[in-house]
Amino acid sequence: MQIEDTPLSGVKILTPARFGDARGFFSESWNKQRLAEQGIDLDFVQDNHSLSAETGTLRGLHFQAPPHAQDKLVRCGQGALFDVAVDIRKGSPSYGQWFGIELSAENGKQLLVPRGFLHGFITRAPQTEVVYKCTDYYAPDCDGAVAWNSCGIDWGFASSPDGGADVAPILSEKDAVAPALADFDSPFTWEG
């Protein structure tokens, strides 16, 4: 497994080795023991799987607050997406900064998003499947969101087919009314 640091402390890119032949490939996407030896010691308790039918579906920016904060390991099972993490740890030198990477079924990359970060993605292909592991169970009373367009993220929207203005993303009702980062009181604190 190749592990790369990003400009945001704790956010990492994990790229599993793939072993292929005429039938396809095999890849070990998570191995607790091997990754603990590399300093990534997480206990995942829940796996989630989402399907976005349309290109341009934007999910996020989401978080789950303490006491049920979650670390997430995100990968693309089918299609392609632009995956983003935003630092929301009060006092962090990188508070409000974001990192994004394309995850696809083809490239096999995964993004490790630690607790204390917003997470979101926009699909780059139809029928995109996202599979991710979480270190805590979903707790509706701890669920939160920040507006997708309030953090300065370049989502890279595709232009409309006629060459006009950018196409608006497809949002859930929850994401469409989420508060801006500037109006958000984060429940996370940077521990330096």
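Our structure is the block above this text.
Residues numbered from 1 in each chain as written. Predicted model: local features only at pLDDT ≥ 70, side-chain atom pairs only at ≥ 80, totals over all residues. Heavy atoms only, no water.

Trainee: So what's going on with the environment of leucine 8? Which residues, and what values?
Mentor: Tracing the sequence through the fold places leucine 8 in the loop between strand 1 (2-5) and strand 2 (12-15). Residue contacts for leucine 8: discarding those within four places in its chain leaves Ala85, Asp87, Ser94, Gln97, Trp98, Phe99 and Phe117. (Helix = DSSP H or I, 4+ residues; strand = E, 2+ residues; numbered from the N terminus. Contact = heavy atoms within 4.5 Å.)

Trainee: Tell me about the side chain of arginine 89, and name the residues and values.
Mentor: Tracing the sequence through the fold places arginine 89 in strand 9 (residues 89-90). Not counting chain neighbours up to four residues away, the residues in contact with arginine 89 comprise Ser9, Ser94, Tyr95, Gly116, Phe117, Phe188, Thr189 and Trp190.

Trainee: Please provide a residue-by-residue account of the pattern of salt bridges, values included.
Mentor: Taken as a whole, this structure holds ten salt bridges when the rule is applied. Among the ionic pairs, arginine 34 bridges to glutamate 28, the shortest N-O distance being 2.9 Å. A salt bridge links lysine 32 to aspartate 41; the shortest N-O distance between them is 3.4 Å. Judged by its relative accessible area of 55%, aspartate 41 falls in the exposed class. (Salt bridge = Lys/Arg side-chain N within 4 Å of Asp/Glu carboxyl O. Buried < 20%, exposed > 50% of the residue type's maximum accessible area, 1.4 Å probe, protein only.)

Trainee: Pulling in residues and values, what's your account of the pairing of strand 13 (residues 128-134)?
Mentor: Most of strand 13 is tucked away, with five of its seven residues classed as buried. Direction of pairing for strand 5 (residues 46-52) relative to strand 13: antiparallel, over a ladder of seven bridges. In the sheet register, glutamine 46 faces strand 13, and the bridge partner there is cysteine 134. Relative to strand 13, strand 7 (residues 72-78) runs antiparallel, the two being bridged by six bridges. Bridge pairing in strand 13 links cysteine 76 to valine 130. (Pairing = 2+ DSSP bridges.)

Trainee: Let's hear about the layout of surface pockets: which residues, and what values?
Mentor: Looking at the largest pocket, its volume works out to about 380 Å³. Every residue lining the largest pocket is counted, 23 residues in all, and those nearest its centre are His62, Lys72, Tyr132, Asp143 and Lys174. Broken down by secondary-structure element, the contributors of at least two residues to the lining of the largest pocket are strand 5, strand 6 (58-64), strand 12 (117-123), strand 13 and helix 2 (173-176). Sorting elements by how many residues they give to the lining of the largest pocket places strand 6 first, with five residues. Split by residue class, the lining of the largest pocket holds eight nonpolar, ten polar and five charged. In this structure, the second largest pocket encloses a volume near 250 Å³. Residue lining of the second largest pocket: 15 residues in total, with Arg89, Arg115, Gly116, Thr189 and Glu191 positioned closest to the centre. A breakdown of the residues in the lining of the second largest pocket according to their chemical character gives seven nonpolar, five polar and three charged. (1 Å grid on protein atoms, 1.4 Å probe; cavity = no way out; pocket = protein on both sides within 12 Å on 5 of 7 lines; lining within 4 Å. Points joined across faces, edges and corners; volume = space filled by probe spheres on them. Nonpolar A, V, L, I, M, F, W, Y, C, P; charged D, E, K, R; others polar.)

Trainee: Break down the sheet that holds strand 7 for me, with residues and values.
Mentor: Taking strand neighbours across the sheet as the criterion, the six strands line up as 1-2-11-7-13-5 in an open arrangement whose pairing is antiparallel. This sheet does not close on itself; its edge strands, each paired only once, are strand 1 and strand 5. Between one strand axis and the next, the sheet turns through 25° on average, direction left out of account. Bridging between strand 2 and strand 11 (residues 110-113) involves three bridges; their strand directions are antiparallel. Looking across to strand 11, one finds that leucine 14 is bridged to glutamine 110. (Axes fitted to C-alpha atoms, helices over the stretch in contact; angles between N-to-C directions.)

Trainee: If you had to explain the packing of aromatic side chains to someone new, which residues and values would you point to?
Mentor: Scanning the entire structure with this criterion turns up five aromatic pairs. When the centroid spacing of 6.5 Å and the interplanar angle of 85° are considered together, the rings of phenylalanine 82 and tryptophan 155 count as edge-to-face. With phenylalanine 82 in strand 8 (residues 80-87) and tryptophan 155 in the loop between strand 14 (143-145) and helix 2, the pair connects residues that are 73 residues apart, well separated along the chain. An aromatic cluster is present here, built from Phe63, Phe184 and Phe188 joined pairwise through their rings. The lysine or arginine in question, arginine 18, covers the ring of phenylalanine 25, its NZ or CZ lying 3.9 Å from the ring centre. (Phe/Tyr/Trp six-rings, centres within 6.5 Å; stacked < 30°, edge-to-face > 60°. Lys NZ or Arg CZ within 6 Å of the ring centre and 35° of its normal.)

These figures capture arrangement, not role.
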